[in-house]
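Survey of secondary and tertiary structure
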Amino acid sequence: MDILVVGNGGREHVLCWKLKQSKMVNKVFCAPGNAGIARDAECVDIGVDELEKLADFAIEHRIGLTVAGPEAPLCAGIVDVFEKRGLKIFGPDKTAAQLEGSKSFAKDFMQRHGIPTAKAATFDHADAAIAYIRQEFAAGGKGIVIKADGLAAGKGVLVAQDENAAAEFVKDCFGGRFGGAGAKVLIEECLVGEEASILALTDGKTIVPLASSQDHKRAFDGDTGPNTGGMGSYSPAPVVDDAVMAEVKTLILERFLQGIQDDKLNFRGIIFVGIMVTEKVPKVLEFNVRFGDPEVQSVLSRLDSDLADAMLKTVEGRLAEASLKWSSDPAVCVVMASGGYPEHYEKGHVISGLAAAESDGVKVFHAGTAFKDGAIVNAGGRVLGICARGENIKSAIERAYAAADKISWRGGFCRRDIGYRAIARLEKKNGG
Ligand code: AMP
Ligand code: GLY
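Residues numbered from 1 in each chain as written. Chains lettered and ligands numbered in written order. Predicted model: local features only at pLDDT ≥ 70, side-chain atom pairs only at ≥ 80, totals over all residues. Heavy atoms only, no water.

Here the focus is unusual backbone geometry. The omega angle of the peptide bond from Asp293 to Pro294 is 20 degrees, so this bond is cis rather than trans. Residue Pro342 is reached from Tyr341 by a cis peptide bond, and omega for that bond is 10 degrees. Inspection of the secondary structure assignment puts Pro342 in the loop between strand S18 (331-337) and helix H13 (354-357). Positive phi, normally seen in glycine, also occurs at Arg62, with a value near 45 degrees. Along the polypeptide, Arg62 turns up in the loop between helix H3 (51-60) and strand S4 (63-68). A relative accessible area of 73% places Arg62 in the exposed class. If you check the backbone angles, Asp223 has positive phi at about 55 degrees while not being a glycine. Mapped onto the secondary structure, Asp223 falls in the loop between strand S13 (218-220) and strand S14 (224-227). (Helix = DSSP H or I, 4+ residues; strand = E, 2+ residues; numbered from the N terminus. Buried < 20%, exposed > 50% of the residue type's maximum accessible area, 1.4 Å probe, protein only.)

What follows concerns the site of ligand 1. Surrounding ligand 1, one finds 15 residues, the nearest of these being Lys147, Glu188, Leu191, Glu195 and Glu286. One of the side-chain N or O atoms of Glu188 is found 2.8 Å from a nitrogen atom in ligand 1. Residue Leu191 places a main-chain N or O atom 2.8 Å away from a nitrogen atom belonging to ligand 1. Put simply, the parts of the chain that give the shell around ligand 1 at least two residues each are strand S7 (144-148), strand S8 (157-160), strand S9 (185-189) and strand S17 (282-288). (Near = heavy atom within 4 Å. Polar contact = N/O pair within 3.5 Å; in protein donor to acceptor, adjacent residues only side chain to side chain.)

Moving on to the site of ligand 2. In the vicinity of ligand 2, the contacting residues are Asp215, Gly229, Phe272, Arg290, Gly292, Asp293, Pro294 and Glu295. Here a nitrogen atom of ligand 2 and a side-chain polar atom of Asp215 are 2.8 Å apart. Between ligand 2 and Gly229 there is a distance of 3.4 Å, counted from a nitrogen atom to a backbone nitrogen or oxygen. Within the complex, the protein chains bury 87% of what would otherwise be the 200 Å² of accessible surface of ligand 2. When its residues are assigned to classes, the shell around ligand 2 shows two nonpolar, two polar and four charged. (Areas by Shrake-Rupley, 256 points an atom, 1.4 Å probe, with all protein chains shown as cover. Nonpolar A, V, L, I, M, F, W, Y, C, P; charged D, E, K, R; others polar.)

Here the focus is the packing of aromatic side chains. The final tally for this structure, using the stated rule, is 11 aromatic pairs. Seen from their ring centres, Trp17 and Phe365 are 5.3 Å apart, and the 75 degrees between their planes marks the pair as edge-to-face. In this pair, Trp17 sits in helix H1 (residues 10-20) while Phe365 sits in strand S19 (residues 362-366), placing the two residues 348 residues apart along the sequence. Here Trp17 matches Phe365 in class, with each residue buried. The rings of Phe109, Phe256, Phe267 and Phe287 are connected pair by pair, giving a single aromatic cluster. (Phe/Tyr/Trp six-rings, centres within 6.5 Å; stacked < 30°, edge-to-face > 60°.)

So, about the nonpolar core. Counting 79 residues, the largest nonpolar core has Ile78, Phe256, Phe287, Leu384 and Ile407 as its most contacted members. Sorting elements by how many residues they give to this core places helix H10 (residues 242-262) first, with nine residues. Apart from residues no more than four positions distant in its own chain, Phe256 is found in contact with Leu99, Phe109, Ile115, Thr202, Ile207, Phe267, Ile271 and Phe287. If you look at the next biggest cluster of nonpolar residues, it comprises 37 residues, including Ile37, Ala308, Val335 and Cys387. (Core = buried A, V, L, I, M, F, W, Y, C linked by side-chain atoms within 4.5 Å. Contact = heavy atoms within 4.5 Å.)

The strand order across the open sheet formed by four strands is S6-S9-S7-S8, and the pairing between neighbours is antiparallel. The strands lining the two open edges of the sheet, one partner per strand, are strand S6 (120-123) and S8. Taking each pair of neighbouring strands and ignoring which way they run, the sheet shows an average axis angle of 20 degrees. By the bridge criterion, four bridges tie S6 to S9 in an arrangement that is antiparallel. Across the sheet, residue Thr122 finds its bridge partner in S9, namely Leu186. (Pairing = 2+ DSSP bridges. Axes fitted to C-alpha atoms, helices over the stretch in contact; angles between N-to-C directions.)

Moving on, we get to H1. Residues separated by three or four positions in an α-helix point in the same direction, a consequence of the helix having 3.6 residues per turn. In terms of burial, H1 is largely enclosed, as 10 of its 11 residues are buried. Of the positions making up H1, those classed as buried are Gly10, Arg11, Glu12, His13, Val14, Leu15, Cys16, Trp17, Lys18 and Leu19.

A few words now on the pattern of salt bridges. A side chain with one charge may pair with a side chain of the opposite charge, provided their charged atoms come close. Counting across every chain of the model gives 32 salt bridges. Via salt bridges that share partners, Lys20, Arg39, Asp40, Glu358 and Lys363 belong to a single interconnected network. (Salt bridge = Lys/Arg side-chain N within 4 Å of Asp/Glu carboxyl O.)

A separate point is the side chain of Asp2. Note on placement: Asp2 falls in strand S1 (residues 2-7). Salt bridges are absent for the buried Asp2, whose nearest opposite-charge side chain, Lys27, sits at 6.4 Å. Of note is the side chain of Asp2, whose polar atom sits 3.0 Å from the side chain of Asn26. Within the local environment of Asp2, its side chain forms a polar contact with the backbone nitrogen of Lys27, the two atoms lying 3.1 Å apart. Not counting residues up to four positions away in its chain, the partners in contact with Asp2 are Asn26, Lys27, Phe29, His61, Ile63, Gly64 and Leu65. (Lys, Arg positive; Asp, Glu negative; His and termini not counted.)

Structure (structure tokens):
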């Protein structure tokens, strides 16, 4: 069968690379793709928001399965458009995609189905929201989390230790800083613990977790600097030990499955659960209805089974028949970004060392890259994800950085401490 992947980031690159390895797959197309994806798939010049055009393409090219990478087309209803035209597509429909597209929809879902999450209240007006914040701080609260309700490209959340900063952010939300996304806000209790990412396949009847992973959201070493889309990842996440995973399954994933059944949500795709491993139970910070980027680069680097087969079974409601095998070798993904990211950055600088960086066990996934005069240049904030497997997390990290050190362009940078939490846990365990 031929496959169409929709998107142009590192997530879509790893999906194309992994799907291409399947014996079931003849050809992989990617719309619109990027300079690195072009090596693993045929890039098609259609944007991720051109839903009807994408469906036309799928029909013309007899695509057997389409995989929508990013949240925007899912929230815009790409699954509804494709299914109406009899096409197979991996992902939730527009209603179910609100689990990511609306934080109040997701919170309401979690509360109704008994899924552990932070206590929260929803507001339609700044005055009531600010009064609530003042009340929480007056009652001795040390911090509060404010979330714009809609999609805000990862920028709509503030974890505030200060009452006035919290109030300002609320005013910004209602003042239109995030467009329509800020017309409603959620105010949440601040959870304390270590974050991890759980991805799970579901066809609405069965739910199957993938290997655990962890992201690094801040721009600079030691988790400092502004929040980003993610500066690196590794899998597995040692914080998700067997006991935590057992709780994730019973308290979160099984209740999620029951919830989508009770609410009759059409969800045949991937659910990405951002969790906080607290002193008590793991609690849900957010749902996303697509693979995490850069988590998926590390996770799929460890998958030893056929991804196309698992995805097709998910779409056809036969996920119970799929089996996923994981390498015991950990994987690490170091993201290289453009100088200045996540704020202003320059584009168009030639990237050197790409071929030298790849070797057995090291793969460079492209995100913001493009061709210019026959060379590959940086064309976005996050540019590359250098992924390596190793017999242990330390060797995977060393291999990823040895490869990253061969790559450069003007301004390009990466964090030097990806995986530090996993190393710290390992040392603690070994040191007793
Ligand atoms: P979200 O988009 O909801 O995942 O929020 C983005 C980031 O904000 C998360 O990855 C956390 O680092 C942080 N965050 C969100 N909700 C909370 C919470 N209730 N307590 C502490 N941190 C949070
Ligand atoms: N890495 C976090 C995300 O994909 O949203």
